[in-house]
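If you want the building blocks of each chain, they are given just below.
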Amino acid sequence: MINILDLNLQELKHWMNTNKESEFRAKQIFDWIYKNVWSFHDMNNIPTTLRNKLDNAFYIEIPEIIETLKSESDETQKFLLGYKDGNVIETVVMKYKHGNSICVSTQIGCKMGCKFCASTIGGVIRNLSSGEILSQVLAAQKAIGERISNVVLMGSGEPLDNYENVLKFIYLANAEYGFNIGQRHITLSTCGIVPKIYELAEEDLQITLAISLHAPNDLLRKSMMPIAYKYSIEELITACKSYIEKTNRRVTFEYSLVKGVNDGSEQAEQLINLLRGILCHVNLIPINEIRENSYEKSTSDNVKAFYNKLTSFGIETTIRKEMGADINAACGQLRRSYLQGENEKKGV
Ligand code: SAH
């Protein structure tokens, strides 16, 4: 049995052809699914014989919402979603003036081992399929009762470590018959798997590529992110330049500020030298503290000083607004199981 959400329109049309059914049924079925009808038997313009055939070949897997946490400080909601194999992931919906944005997870856990991030504790369990990523949007959209217009691939998992499924998800989310979310409203964040950045550039998409840089030199980056042992900053920046050249899209560099580690004026200067002249944008994120490490958030004075330094050298910079921190829904706070966090709190 296949999760029908893993198929694109062309693939479902192909199935219709090989099963001696009319191709146009494929579109009808997707129309129902995107209208939140998730049982073939409720699709009342589909003949019963076909509904039965579909039931024998496919299932529609929408993860169960196990728990919803609502932030008191903003309108962020975190959903704990359970897949039928028993794995749980977290998805976050943020409300902005320009629309609803969802932060989806791409893997159950993560193997990248960034020192400051909760998602990687315990490693990776498995990749999520394109349909499983897509169904996070379906489940969340139904729960909030409003359209989701922006997607960030910044939940747990490293998107470029699950390349094929993530790429298929992007095409599905962008498809007219699907959510019809513009590519410019999709952001993919990566810790920097260099060969995959070149591969992604070849797709020539209009999505925003965000690079988790977090340090302006290799020594410091290695102390924070194991991926830095594999690819140097120079290799990473060269890949980004080639991505920009190919797509004409501005790249975002994410820089999480850790008190006394990477937030000094020396690091700001190194960062300026590194990024000057590149079509980019820097997103400063005061680090969200997690209990498994000793990294502390930079003071707001340091954040401001870092920001001022970058902007005074003409580097376009924003300070990311922290959302959902009171429900552990902020960057780096998502876990593959909420129980994981709860049990640790209780010392289990
Ligand atoms: N694996 C991808 C996407 C997930 S993380 C990546 O590495 O980019 C999304 C962003 O949150 C990344 O920039 C990540 O480095 C950052 N992040 C992780 N833990 C964080 C924390 N504790 N505080 C602030 N940002 C964090």
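All of these numbers come straight from a predicted model, not from anything done at the bench. (Residues numbered from 1 in each chain as written. Predicted model: local features only at pLDDT ≥ 70, side-chain atom pairs only at ≥ 80, totals over all residues. Heavy atoms only, no water.)

**Overview of helix 2 (residues 24-34)**
Counting buried residues in helix 2 gives eight out of 11 residues, a clear majority hidden from the surface. Every buried residue of helix 2 is listed here: Arg25, Ala26, Gln28, Ile29, Phe30, Trp32, Ile33 and Tyr34. Taken together, the buried residues of helix 2 touch helix 1 (9-18), helix 3 (48-57), helix 4 (130-144) and helix 5 (163-174). Downstream of helix 2 by one or two residues, asparagine 36 has phi in the positive range, about 65°. (Buried < 20%, exposed > 50% of the residue type's maximum accessible area, 1.4 Å probe, protein only. Helix = DSSP H or I, 4+ residues; strand = E, 2+ residues; numbered from the N terminus. Contact = heavy atoms within 4.5 Å.)

**What about the site of the ligand?**
Taken together, 19 residues are adjacent to the ligand, and Phe116, Ser189, Ser212, His214 and Asn288 come closest. At 2.6 Å from an oxygen atom of the ligand is found a side-chain nitrogen or oxygen belonging to serine 212. Contact with the protein chains removes 96% of the 530 Å² of surface that the ligand exposes when unbound. Counting residues per element, the ones that place at least two in the shell around the ligand are strand 10 (186-190) and strand 12 (251-257). (Near = heavy atom within 4 Å. Polar contact = N/O pair within 3.5 Å; in protein donor to acceptor, adjacent residues only side chain to side chain. Areas by Shrake-Rupley, 256 points an atom, 1.4 Å probe, with all protein chains shown as cover.)

**Quick look at the pattern of salt bridges**
Applying the stated criterion across every chain yields a total of 13 salt bridges. Ionic pairing is found between arginine 126 and glutamate 132, a salt bridge with its closest N-O pair at 2.9 Å. The partly exposed category is assigned to arginine 126, whose relative accessible area is 23%. Glutamate 254 is paired through a salt bridge with arginine 320; the nearest N and O atoms lie 3.2 Å apart. (Salt bridge = Lys/Arg side-chain N within 4 Å of Asp/Glu carboxyl O.)

**What about the side chain of asparagine 150?**
Positionally, asparagine 150 belongs in strand 9 (residues 148-153). Owing to a relative accessible area of 11%, asparagine 150 belongs among the buried residues under this scheme.

**A closer look at helix 5**
The first and last C-alpha atoms of helix 5 sit 17 Å apart over 12 residues, in line with the 16 Å expected at 1.5 Å per residue. For helix 5, the elements touching its buried residues are helix 2, helix 4, strand 9, strand 10 and helix 6 (194-203). (Expected span 1.5 Å × (residues − 1).)

**So, unusual backbone geometry**
Unusually for a residue other than glycine, asparagine 36 sits at a positive phi of about 65°. As for its position among the elements, asparagine 36 is in the loop between helix 2 and helix 3. Located in the positive-phi region is asparagine 180, a residue other than glycine, with phi close to 55°. Among the structural elements, asparagine 180 can be located in the loop between helix 5 and strand 10.

**What about the domain arrangement of the protein?**
The extent of an interface is frequently quoted as the accessible surface area lost upon association of the parts. For the protein, the domain assignment lists domain 1 (2-59) and domain 2 (64-346). Using C-alpha coordinates to define each centre, domain 1 is positioned 34 Å away from domain 2. In terms of surface lost to domain 2, no three residues of domain 1 exceed Leu5, Asp6 and Tyr34, which account for 48% of the buried area on that side. There are one salt bridge connecting domain 1 and domain 2. (Domains from an automatic or database assignment. Buried area = accessible area lost by both parts, 1.4 Å probe.)

**Considering the pairing of strand 4 (residues 77-82)**
Within strand 4, six of the six residues are buried, leaving the element largely enclosed by the surrounding structure. Residue alternation in strand 4 divides its side chains into two sets, Gln77, Phe79 and Leu81 and Lys78, Leu80 and Gly82, and both sets are buried. Pairing analysis gives six bridges linking strand 3 (residues 64-70) to strand 4, with the strands arranged antiparallel. Residue glutamate 67 lies in a different strand from strand 4, and its bridge partner there is leucine 80. Hairpin connection from strand 3 to strand 4: six residues lie between these consecutive antiparallel strands. One ladder, built from six bridges, connects strand 4 with strand 5 (residues 88-96); its direction is antiparallel. In the strand pairing of strand 5, lysine 78 is matched with valine 92. (Pairing = 2+ DSSP bridges.)

**Overview of the pairing of strand 6 (residues 99-103)**
Of all five residues that make up strand 6, five are buried, and the element is covered over most of its length. Turn length for the strand 5-strand 6 hairpin, with the two strands adjacent in sequence and antiparallel, is two residues. Here four bridges tie strand 6 to strand 9, and the two strands are oriented parallel to one another. Within strand 9, the position partnered with serine 101 by the bridge is asparagine 150.

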